[in-house]
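Coordinate analysis (summary)
Here are the chains, one letter per residue:
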Amino acid sequence: MNVGDNGMGSIGDNCPDLETLCLSSCSFITDLTLVSVGQGCANLTTLEVAGCTQLTDAGFQVLARNCHLLERMDLEECVLITDVTLSHLAINCHRMSNLSLSHCELLTDDGISHLGSSMCVTDCLTVLELDNCPLITDSSLEYLMMAQNLQRIELYDCQLITRAGIRRLRNRLPDIKVHAYFAPVTPPASVGGGRQRYCRCCTIL
């Protein structure tokens, strides 16, 4: 979509009561949009910026410091954000109930630890999406043990998450729905020159 920072500057200047803003796939917007919205739309509760690949920690810092009523954020494929963004959300956005961080590949356990110690996790968080966050490990699941209201967590393609870590999370939160995928183990080659075996998840071209 062709929405850019100039247009969003007008939104920030003229829409102080704005509560929901969807900018997903608006690839031209930068941190200037987050600054405009953060400074002008303090009543914002929902922000969707999936696929906005130019947004960084600096913009989300301004947004989080001013938009304390945020409840739902879709940051999927905001590929430049780091644990710094999660730290600002944890400090300032205590009403967060639904947070998508899928394909934010720079996030680590340290970022999840900030969330895990925040009021939003202990009181409000119900959905957390972490698909394809390759640096996330079982330690992140430990940090989420106090999320008593967490109903669903997405962990597809988190290669460092283990079945044991998920079991420990489910023992603490028995009603949680965990969506994860573990690739089947590739069978060893046949001994004695027999027919070659392939794992069933692969397509032979």
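This is a predicted model, so every value here is computed, not measured. (Residues numbered from 1 in each chain as written. Predicted model: local features only at pLDDT ≥ 70, side-chain atom pairs only at ≥ 80, totals over all residues. Heavy atoms only, no water.)

Our focus in this paragraph is the overall build of the chain. For the chain, the count of helices and strands is 8 helices and 7 strands. Each of the 205 residues in the chain was classed as buried or not, and the buried ones make up 45%. Relative to all contacts within the chain whose residues are 6 or more apart in sequence, the contacts with residues 24 or more apart total 75%. Of the roughly 10500 Å² of accessible surface on the chain, 50% is carried by carbon and sulfur atoms. (Helix = DSSP H or I, 4+ residues; strand = E, 2+ residues; numbered from the N terminus. Buried < 20%, exposed > 50% of the residue type's maximum accessible area, 1.4 Å probe, protein only. Contact = heavy atoms within 4.5 Å. Areas by Shrake-Rupley, 256 points an atom, 1.4 Å probe, with all protein chains shown as cover.)

The biggest cluster of nonpolar side chains holds 54 residues, and the ones touching the most others in it are Leu47, Phe60, Met73, Leu101 and Ile153. Elements supplying a minimum of two residues to this core: helix H2 (31-40), helix H3 (57-66), helix H4 (83-92), helix H5 (109-116), helix H6 (119-124) and helix H8 (163-172). Those residues in contact with leucine 47, other than ones at most four positions away along the chain, are Leu21, Leu34, Phe60, Leu63, Leu70, Arg72, Met73 and Asp74. (Core = buried A, V, L, I, M, F, W, Y, C linked by side-chain atoms within 4.5 Å.)

Take the side chain of serine 24 next. In this structure, serine 24 sits in the loop between strand S1 (20-22) and H2. In this structure the side chain of serine 24 is engaged in a polar contact, spanning 3.3 Å, whose partner is the backbone nitrogen of alanine 50. (Polar contact = N/O pair within 3.5 Å; in protein donor to acceptor, adjacent residues only side chain to side chain.)

So, about the confidence of the model for the chain. For the chain, mean pLDDT is 90; residues scoring 70 or higher make up 88% of the total. A low-confidence stretch, residues 191-205 (pLDDT under 50), is modelled with 12 contacts involving residues beyond four sequence positions or located in other chains. (pLDDT = per-residue confidence, 0-100.)

The next point concerns the environment of cysteine 158. Mapped onto the elements, cysteine 158 comes out in the loop between strand S6 (152-154) and H8. For cysteine 158 and aspartate 138, which are 20 residues apart along the polypeptide, the C-alpha to C-alpha distance reads 9.8 Å.

One non-glycine residue, asparagine 132, lies in positive phi territory at about 55°. Relative to the helices and strands, asparagine 132 resides in the loop between strand S5 (127-129) and helix H7 (138-143). The class of asparagine 132 is buried, set by a relative accessible area of 19%. Even without glycine at this site, aspartate 157 takes up a positive phi of about 60°. Within the secondary structure, aspartate 157 is located in the loop between S6 and H8.

In this structure the tally under the stated criterion is 4 salt bridges. Linking arginine 152 and glutamate 129 is a salt bridge whose minimum nitrogen-to-oxygen distance equals 3.4 Å. Taken together, the positions of arginine 152 in strand S6 and glutamate 129 in strand S5 put the pair 23 residues apart, joining distant regions of the chain. The residue glutamate 154 makes a salt bridge to arginine 152 at a minimum N-O spacing of 2.6 Å. The class of glutamate 154 is buried, set by a relative accessible area of 8%. Through salt bridges with shared partners, a single network forms among Glu129, Arg152 and Glu154. (Salt bridge = Lys/Arg side-chain N within 4 Å of Asp/Glu carboxyl O.)

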